[in-house]
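Here is how the chains run, residue by residue.
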Amino acid sequence: MSRTASADQTAGIAGTGSAVPAIATSSLRKDFGTRVALHDLTLAVQPGEVFGFLGPNGAGKTTAMKILLGLVRPTGGEALVFGRSPAEPAARRRVGYLPEHFRFQEWATGAELLDFHGRLAGLGGAELAGRIPELLERVGLAGRGGERVRRYSKGMTQRLGLALALLARPDLVLLDEPTSALDPVGRREVRELVRELAAGGVTVFLNSHLLTEVEAVCDRVAIVSQGRVVASGQLDDLAGAVTQLRLLLDRADRELLALLSRHGQVVRVEGTAVTLAVETLDVAPDLARLLVTSGYRLYGLVPVQRSLEDVFVELVGEVREG
Amino acid sequence: MSALVVARWTILEARRRRLVLAGVVLSVAFVALFAVGFALLYHSQERSLAEAGALGGRLDPREELLAMSTFLIVFGLYGVQFLAALLALFLGAASVSPEIDSGALHAVLARPLSRLEYLAGRFLALAALLVTYVVVMSAALMLVARVVAGYQPGDAARAVGLMVLEVLILLAVSLLGSTVLPTLANGVVMLALFGLAWLGGIIGFVGSIPPGNELMANLGTAVSLLLPADAVWRGASFHVLPTSFLVASSFANGEDVGLPFGSTAPMAPAMLAWAVAYPVACLGLAVAAFRRRDL
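Worth saying up front: this structure is predicted, and the values here are computed from it rather than measured.

Chemist: For this particular structure, what's the right way to read the pairing of strand β12 (residues 273-278) of chain A?
Modeler: The side chains of a regular strand alternate, residue by residue, between the two faces of the sheet. Residues and elements named next belong to chain A. Across the six residues that make up β12, a large majority, six, are buried. Both faces of β12 are covered, namely the face carrying Ala273, Thr275 and Ala277 and the face carrying Val274, Leu276 and Val278. Sheet analysis places strand β10 (residues 243-249) next to β12, joined by six bridges and oriented antiparallel. Residue pairing in the sheet places Leu247 in a bridge with Val274 of β12.

Written out as structure tokens, the structure is:
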């Protein structure tokens, strides 16, 4: 059938495994009137992966997530969650979700809200009676379940949102900016939570513009800008795609730059410090010898690993300029 | 199943927002006021008629008292249906769009729950509250009239049934509005529609005053088709009237034109069919519109 064919195809693009992907989208598109929120989004997330969906605000991250939950209908293309269309309610049975703005019915108590969502997810009353206190404890809200959500701080509400996302023992958790309201301790707790989920075989799809958060927990990332994936892959591959050398010399004259240009691309010159993009680190020893024999005094020669932030800014900047 | 979970949640919301408490307190006050007013007016009229009779008045006191009781009970029930109608419009308008605006609906609809189930749950719970309100209030008012004046409505069950139909019509149409319009805009549209339906009823009534004006009567009917709430209330009010009232001499002579806010004629079967189909169509449209809506 066409459905499985497209799922295989997207799995092929991701290049891992042959199982039904937790998430597969092909040429997904969403227009809101004349504004294109999502342009041709194709990606696959394998079961058990922690996948980071990175992008600046307004890149289409939330729209993509809402399509995966059946909250938004795509204008074109296809999205599948464990091989099923998110428009079918049953496809969402194995999915947990933390919305970006984590707003819940404020008149209810935290425990009532968990009970309501649990029942919608098909859990029984007896099961929920045990599950709710356990979850509140897990997200750091032990003993606060009886309070109205109205009285919760922003951070507490986001923690409640995490409890809701984990409530139905999901196989896939979609977290939209899960730490936006949390302090540094809370952020660390969420990172640990994501790692625990991953260890338990749960697939995590994380929307974020916080690079450190993504770097800390994700196996793979896709960088989106203006509704398109501009880069995707393993974190190390992305960040390490280009190697740079940072050279510190006694002077940086025109001859030096000409000399360096033969071995790589000069990225930056700051005083007498030069950053050179090279294809491989193997050029470093030869370059050092050449500089010394040419009469330069070499104070330092350090390989620089580009951070995800560098890659991100570079890619997103390119798209914005283009 | 999921629809019942949503319905239970909606009832909890109504309780938490003190809606149920406010409804009960106001209803008790309304019924008490009606009972006191009805008893005082009835007994003072009874006394003055007795005095007039002693002086050789030409009026039949029993007929006069029945006419007054009828007027009071129709007026009281008119108040009940008016409050219930406003309540239905507000509850319907507050059922979906505020949840979308606040974002609270996102997490709910991300559950294995269809949009149909969500709307069905909301409608069921609010309909249950409104139907309870209408049934309890109209029964209380008719009981007061019966105890004080021995009043017997023509067909109490039909009267209450039609009043229930009226609130279901209003709830369904404002629920439909709530799935397609922002809350405030929906509230304005619903009140305008309700006012228009009321005006349609008045136009129709004026058209029916002997010798009758066909154009106005037709215009009244046309407006009623837009929102058959007032038409259904008029149908209900007919069944409130005691049989003896309708055959009373004042009507037979054509001296009295009837009640401006009620009706002395039963509802046309075609209008009744339209009134039953109307909320069903509204709910169908609401589900279709809500399914297509991006959140």
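Chemist: Explanation requested: the sheet that holds strand β13 (residues 298-305) of chain A in the structure shown.
Modeler: In a beta sheet, neighbouring strands are held together by backbone hydrogen bonds and run either parallel or antiparallel to one another. All names here are of chain A. The four strands are arranged β11-β12-β10-β13 in an open sheet whose pairing can be described as antiparallel. What marks the edges here is a single partner per strand, and that holds for β11 (265-270) and β13. The mean inter-strand angle of the sheet, taken between neighbouring strand axes irrespective of direction, is 20°. Where β11 and β12 come together, five bridges link them in antiparallel fashion. Paired with Glu270 across the two strands is Ala273, which belongs to β12. Here helix α10 (residues 283-293) sits on the sheet and contacts β10, β12 and β13; the angle it forms with β10, its principal contact strand, is near 20°.

Chemist: Hey, could you run me through the packing of helix α7 (residues 156-180) of chain B against helix α10 (residues 229-240) of chain B in this one?
Modeler: In helix packing, the relevant descriptors are the interaxial angle and the interaxial distance, both defined with respect to the helix axes. Residues and elements named next belong to chain B. Between α7 and α10, the shortest axis-to-axis distance is 7 Å and the interhelical angle comes to 170°. On the basis of the axis angle, α7 is roughly antiparallel to α10. Contacts between α7 and α10 pair Ala156, Arg158, Ala159, Leu162, Met163, Leu165, Glu166, Ile169 and Leu170 from the former with Ala229, Val232, Trp233, Gly235, Ala236, His239 and Val240 from the latter. The residue inventory of the contact of α7 with α10, partitioned by class, reads 12 nonpolar, two polar and two charged.

Chemist: Help me understand the side chain of Arg220 of chain A, please; the structure alone is not making it clear to me.
Modeler: Of note, Arg220 of chain A is situated in strand β8 (residues 220-225). At 2.4 Å, the side chain of Arg220 of chain A and the side chain of Glu49 of chain A are in polar contact.

Chemist: When you look at the layout of surface pockets in this model, what are you seeing that I'm missing?
Modeler: Summary: where empty space remains is shown by rolling a probe the size of a single water molecule over the atoms. Residues and elements named next belong to chain B. Here the largest pocket is characterised by a volume of approximately 630 Å³. Along the walls of the largest pocket sit 26 residues, with Gly204, Phe205, Ser208, Arg234 and Ser263 positioned nearest its centre. Those elements that provide at least two residues to the lining of the largest pocket are α8 (183-208), α9 (214-226) and α10. By residue class, the composition of the lining of the largest pocket is 14 nonpolar, 11 polar and one charged.

Chemist: Looking at this structure, I do not really get the interface of chain B and chain A. What am I missing?
Modeler: How big an interface is tends to be reported as the loss of accessible area on association of its parts. Taken residue by residue, the interface counts 28 residues in chain B and 32 residues in chain A. Summed over the shared surface of chain B and chain A, the number is three salt bridges. Residue Lys30 of chain A pairs with Asp294 of chain B through a salt bridge whose shortest N-O separation is 2.6 Å. Scanning the region where chain B abuts chain A turns up 14 residue pairs in polar contact (both at pLDDT 80 or more).

Chemist: Explanation requested: the nonpolar core in the structure shown.
Modeler: One recurring pattern in soluble globular proteins: nonpolar side chains tend to sit buried together. In terms of nonpolar packing, the biggest core is built from 160 residues, with Leu174 and Phe205 of chain A together with Ile73 and Tyr118 of chain B touching the most fellow members. Tallying contributions element by element places α7 of chain B first for this core, with 14 residues. The next biggest cluster of nonpolar side chains, apart from the first, holds 13 residues, and it includes Leu260, Leu287, Leu291 and Tyr296 of chain A.

Chemist: Please clarify how the sheet that holds β8 of chain A should be interpreted in this entry.
Modeler: Residue and element names in this part refer to chain A. As summarised here, the arrangement of the six strands in space is β5-β6-β7-β3-β8-β9, forming an open sheet in which the pairing is mixed. Of all the strands in the sheet, just β5 (95-98) and β9 (228-234) have a single pairing partner and so form its edges. Averaged over all neighbouring strand pairs, the angle between strand axes comes to 15°, with direction disregarded. Here strand β3 (residues 50-54) runs beside β8; their pairing, made up of four bridges, is parallel. Residue Phe53 lies in a different strand from β8, and its bridge partner there is Ala222. The sheet strands contacting helix α5 (residues 154-166) are β5 and β6 (172-176), and the helix crosses β5 at an angle near 170°.

Chemist: Would you mind going over α10 of chain A with me for this structure?
Modeler: Counting along an α-helix, one turn takes 3.6 residues, and residues three or four places apart therefore face a common direction. Residues and elements named next belong to chain A. Looking at α10, one finds that the buried residues are Ala284, Leu287, Ala288 and Leu291. Along the long axis of α10, the arc covered by the buried residues comes to 105°, so they all point the same way. Along α10, exposed side chains directed more than 90 degrees from the buried face belong to Pro285, Arg289 and Thr293. Buried-residue contacts for α10 involve β10, α9 (254-261), β12 and β13. One or two residues past the end of α10 sits Gly295, with phi positive at roughly 95°.

Chemist: Sorry, what's going on with the packing of aromatic side chains here?
Modeler: Here the distance between the centres and the angle between the planes together describe a pair of aromatic rings. Under the defined criterion, the tally for this structure stands at 14 aromatic pairs over all chains. Look at Trp107 of chain A and Trp9 of chain B: their rings are 4.7 Å apart centre to centre, the planes differ by 45°, and that puts the pair in the tilted class. Here the residue Trp107 of chain A occupies a position in the loop between β5 and α3 (110-120), and Trp9 of chain B occupies one in helix α1 (residues 2-16), the pair thus bridging two chains. Assessed through its relative accessible area of 1%, Trp107 of chain A is described here as buried. A residue is classified by how much of its surface remains accessible, and Trp9 of chain B, at 6% relative accessible area, is buried. Ring plane angle 75° and centroid distance 5.7 Å describe the contact between Trp274 of chain B and Tyr278 of chain B, whose orientation is recorded as edge-to-face. Taken together, the residues span about one helical turn, with Trp274 of chain B and Tyr278 of chain B both in helix α13 (residues 269-292) at a distance of four residues. Relative accessible area serves as the criterion here: at 36%, Trp274 of chain B is assigned to the partly exposed category. Of the aromatic side chains, those joined through ring pairs into one cluster are Tyr78, Phe82, Phe194, Trp198, Trp233 and Phe261 of chain B. The side chain of Arg115 of chain B reaches across the aromatic face of Phe290 of chain B, ending 5.4 Å from its centre.

Chemist: Please explain the pattern of salt bridges as it appears in this structure.
Modeler: Any two side chains of opposite charge can pair if their charged atoms end up close together. Residues and elements named next belong to chain A. If you walk through the whole model with that rule in mind, you get 22 salt bridges over all chains. The shortest N-O distance in the salt bridge between Lys61 and Glu177 comes to 3.9 Å. A residue pair is termed long-range when its members are at least 10 positions apart, and Lys61 in helix α2 (residues 61-68) and Glu177 in the loop between β6 and α6 (184-199) qualify at 116 residues. The residues Lys61 and Glu177 share a single accessibility class, namely buried. Of the charged contacts, one joins Glu189 and Arg159 as a salt bridge, the two residues approaching to 2.8 Å between their closest N and O atoms. A residue pair is termed long-range when its members are at least 10 positions apart, and Glu189 in helix α6 and Arg159 in helix α5 qualify at 30 residues. By relative accessible area, which is 16% here, Arg159 ends up buried.

Chemist: Help me understand empty space enclosed by the protein, please; the structure alone is not making it clear to me.
Modeler: According to the stated counting rule, one finds one cavity of 30 Å³ or more in the structure shown. Considering only enclosed or pocket space, the largest cavity measures out at about 50 Å³ in volume. Taken together, Val95, Gly96, Tyr97, His117, Leu164 and Ala165 of chain A together with Ala107, Ala110 and Arg111 of chain B make up the full set of residues lining the largest cavity. For the lining of the largest cavity, the elements supplying multiple residues, two or more each, are β5 and α5 of chain A. It is β5 of chain A that provides the largest number of residues to the lining of the largest cavity, a total of three residues. For the lining of the largest cavity, the class distribution of residues is six nonpolar, two polar and one charged.

Conventions adopted
- Residues numbered from 1 in each chain as written.
- Chains lettered and ligands numbered in written order.
- Predicted model: local features only at pLDDT ≥ 70, side-chain atom pairs only at ≥ 80, totals over all residues.
- Heavy atoms only, no water.
- Buried < 20%, exposed > 50% of the residue type's maximum accessible area, 1.4 Å probe, protein only.
- Helix = DSSP H or I, 4+ residues; strand = E, 2+ residues; numbered from the N terminus.
- Pairing = 2+ DSSP bridges.
- Axes fitted to C-alpha atoms, helices over the stretch in contact; angles between N-to-C directions.
- Contact = heavy atoms within 4.5 Å.
- Parallel < 35°, antiparallel > 145°, perpendicular 65-115°, else oblique.
- Nonpolar A, V, L, I, M, F, W, Y, C, P; charged D, E, K, R; others polar.
- Polar contact = N/O pair within 3.5 Å; in protein donor to acceptor, adjacent residues only side chain to side chain.
- 1 Å grid on protein atoms, 1.4 Å probe; cavity = no way out; pocket = protein on both sides within 12 Å on 5 of 7 lines; lining within 4 Å.
- Points joined across faces, edges and corners; volume = space filled by probe spheres on them.
- Salt bridge = Lys/Arg side-chain N within 4 Å of Asp/Glu carboxyl O.
- Core = buried A, V, L, I, M, F, W, Y, C linked by side-chain atoms within 4.5 Å.
- Arc of directions from axis to C-beta.
- Phe/Tyr/Trp six-rings, centres within 6.5 Å; stacked < 30°, edge-to-face > 60°.
- Lys NZ or Arg CZ within 6 Å of the ring centre and 35° of its normal.

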